[in-house]
Amino acid sequence: MPTVCHFGSFPTTAAYSRNLSIAQGLADAGWRVIECRVGNRVTGAGTVRRGGGIVGWAVFAVRSIGAWFGLIREHQRVGDYDVLLVGYPSHLEVFVAAFLARHRRRPLVMDAFIGLYDTVVCDRGLLKPGRPPASLVRLWERVALRRADCVLVDTSQQADDLAADYGLQRDRFAAVPVGIDENLWRSSPLAEPEETFRVAMWATFIPLHGMEVVARAARQLEDAGAKIEIEVIGDGQTANHFEALLERLGPGNLRWRRGVYGMETVVDLATRAHCCLGVFGSSRKAARVVPYKVTQAMCLGRPLVTCDGPAVRRVLTHESSALLVAPDAPDALAGAIARLAGDRALCERIAAGARDAYDRTLGRAVISRALSEAMAPLQK
């Protein structure tokens, strides 16, 4: 049985299940997975949000180096393995991992998952393009991606674009779906029809989610007199802007529970809903990814409305497994929700289609096959 060392200070929570699904997929594919991990992950996200500064970046660097030494100590206790895999987020640890893998003469796999520069600069706008910090992030990502023999990402579109952006061979990248906890997200019957059509949205309020679009669509639905209620839970980067917009628009059909909730609460919200919402932002990232929330709604078997794009089109078909709308288009979102609210047969057809699409394109068996194909060339 081949052995992979799962290396890093990556999270293993249900809210960010990428690393758990990768480990499970490898086990399903016949790999023995041994973990070399330290907790209390250090990232630059907080430093970036606070504007950086010499002191901030110095503290970040010291903590990062401390995490590296902790990983080196853990690695010394690890027995023999065939492949070293850096869990996500991996852009920091890949450098020390590259040293350790070369020392043991083992191939290195990096789970990049999503684009670093694309997320930090283009989507979330935490750094301004063309400024030195943003240029440094781009350089860091370029060098990091070149350290690995194989780079895992979540979609083929992501792989295509990263390879083109950084002048790397496309066969260096492997697309492995995001992965969710199928013990939590189980297929269940669609909620029975009621006088009020219930819509669920859970979010971390990153720009990708397009929360302003949701608020404006809610206002349009209320103005049209539709008996529709949208329930939103979550908090994050754009939450204050969303709150101000709700105060200005005043949609009485949108209820928002602000805060960070456990995954069981999210599952309960989605299970009670007649339809679920995906993402509606217009950044380049929206075209590249199939987000957690979309994958989760599909696995549950719920009618889904989300924005159209190349990555989504690889797994979803308009009017068969989802209603796909233009990004940043409140009127299109309102129209799609109203259409589902008025057509139970359409809801049932899309719900069944979403679950079928999940099994065919995103499920646990798909992840296992994708990992087998990615790892096979690296085995001795």
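The present account deals with the structure reproduced in this document. (Residues numbered from 1 in each chain as written. Predicted model: local features only at pLDDT ≥ 70, side-chain atom pairs only at ≥ 80, totals over all residues. Heavy atoms only, no water.)

Some thoughts on the layout of surface pockets
Then comes step 1: In this structure, the second largest pocket encloses a volume near 290 Å³.
Then comes step 2: Lining the second largest pocket are 16 residues; nearest its centre among them are Asp154, Ser156, Ala175, Pro177 and Thr361.
Then comes step 3: Elements that contribute at least two residues to the lining of the second largest pocket include exactly strand S6 (173-175) and helix H16 (364-375).
Then comes step 4: In terms of residue count, the dominant contributor to the lining of the second largest pocket is H16 (four residues).
Then comes step 5: Broken down by class, the residue content of the lining of the second largest pocket amounts to 10 nonpolar, three polar and three charged. (1 Å grid on protein atoms, 1.4 Å probe; cavity = no way out; pocket = protein on both sides within 12 Å on 5 of 7 lines; lining within 4 Å. Points joined across faces, edges and corners; volume = space filled by probe spheres on them. Helix = DSSP H or I, 4+ residues; strand = E, 2+ residues; numbered from the N terminus. Nonpolar A, V, L, I, M, F, W, Y, C, P; charged D, E, K, R; others polar.)

Quick word on the pairing of strand S5 (residues 150-153)
Then comes step 1: The side-chain alternation of S5 yields two buried faces, one formed by Cys150 and Leu152 and the other by Val151 and Val153.
Then comes step 2: Note: strand S4 (residues 108-113) against S5, four bridges, orientation parallel. Residue pairing across strands places Val109 opposite Cys150, the latter belonging to S5.
Then comes step 3: Pairing analysis gives three bridges linking S5 to S6, with the strands arranged parallel. Counterpart to Leu152 in the pairing with S6 is Ala174.
Then comes step 4: Read from S5 through helix H7 (residues 156-166) to S6, the crossover connection turns out right-handed. (Buried < 20%, exposed > 50% of the residue type's maximum accessible area, 1.4 Å probe, protein only. Pairing = 2+ DSSP bridges. Right-handed = clockwise from strand over helix to strand, strands pointing away.)

As for the environment of Arg124
Then comes step 1: By secondary structure assignment, the location of Arg124 is in the loop between helix H5 (116-123) and helix H6 (132-147).
Then comes step 2: Owing to a relative accessible area of 29%, Arg124 belongs among the partly exposed residues under this scheme.
Then comes step 3: Each C-alpha atom, one on Arg124 and one on Thr238, is 9.4 Å from the other, the two residues being 114 residues apart in sequence.
Then comes step 4: Setting aside its immediate chain neighbours within four residues, Arg124 contacts Thr119, Ile206, Pro207 and Gln237. (Contact = heavy atoms within 4.5 Å.)

Some words on the packing of helix H1 (residues 18-28) against H16
Then comes step 1: Axis separation between H1 and H16 bottoms out at 8 Å; the angle between their running directions is 75 degrees. Judged on the interaxial angle alone, H16 and H1 are roughly perpendicular. Every residue of H16 that contacts H1 at Ser21, Ile22, Gln24, Gly25, Leu26 and Asp28 is listed here: Arg364, Ile367, Ser368, Leu371 and Met375.
Then comes step 2: In terms of residue class, the contact of H1 with H16 is built from five nonpolar, four polar and two charged. (Axes fitted to C-alpha atoms, helices over the stretch in contact; angles between N-to-C directions. Parallel < 35°, antiparallel > 145°, perpendicular 65-115°, else oblique.)

So, the sheet that holds strand S1 (residues 3-8)
Then comes step 1: If you trace the six strands from one edge of the open sheet to the other, you get S2-S1-S3-S4-S5-S6, paired in parallel fashion. Each edge of the sheet is formed by a strand with only one pairing partner; in this case those strands are strand S2 (32-37) and S6. Geometrically, the sheet is characterised by an average inter-axis angle of 25 degrees between neighbouring strands, direction not taken into account.
Then comes step 2: Running over the sheet, helix H4 (residues 93-104) touches S1, strand S3 (83-86) and S4 and is turned about 165 degrees from S4.
Then comes step 3: Those strands touched by H6 are S4, S5 and S6, and its axis lies near 140 degrees from that of S4.

Focus on the state of the cysteines
Then comes step 1: Applying the stated criterion across every chain, the model contains zero disulfides.
Then comes step 2: Cys150 forms no disulfide, and the closest cysteine sulfur to it belongs to Cys5, at a distance of 16 Å.
Then comes step 3: Judged by relative accessible area, which is 6%, Cys150 ranks as buried.
Then comes step 4: A disulfide-free cysteine, Cys299 has its sulfur positioned 12 Å from the sulfur of Cys276, the nearest such atom.
Then comes step 5: Its relative accessible area of 1% is what places Cys299 among the buried residues. (Disulfide = S-S within 2.5 Å.)

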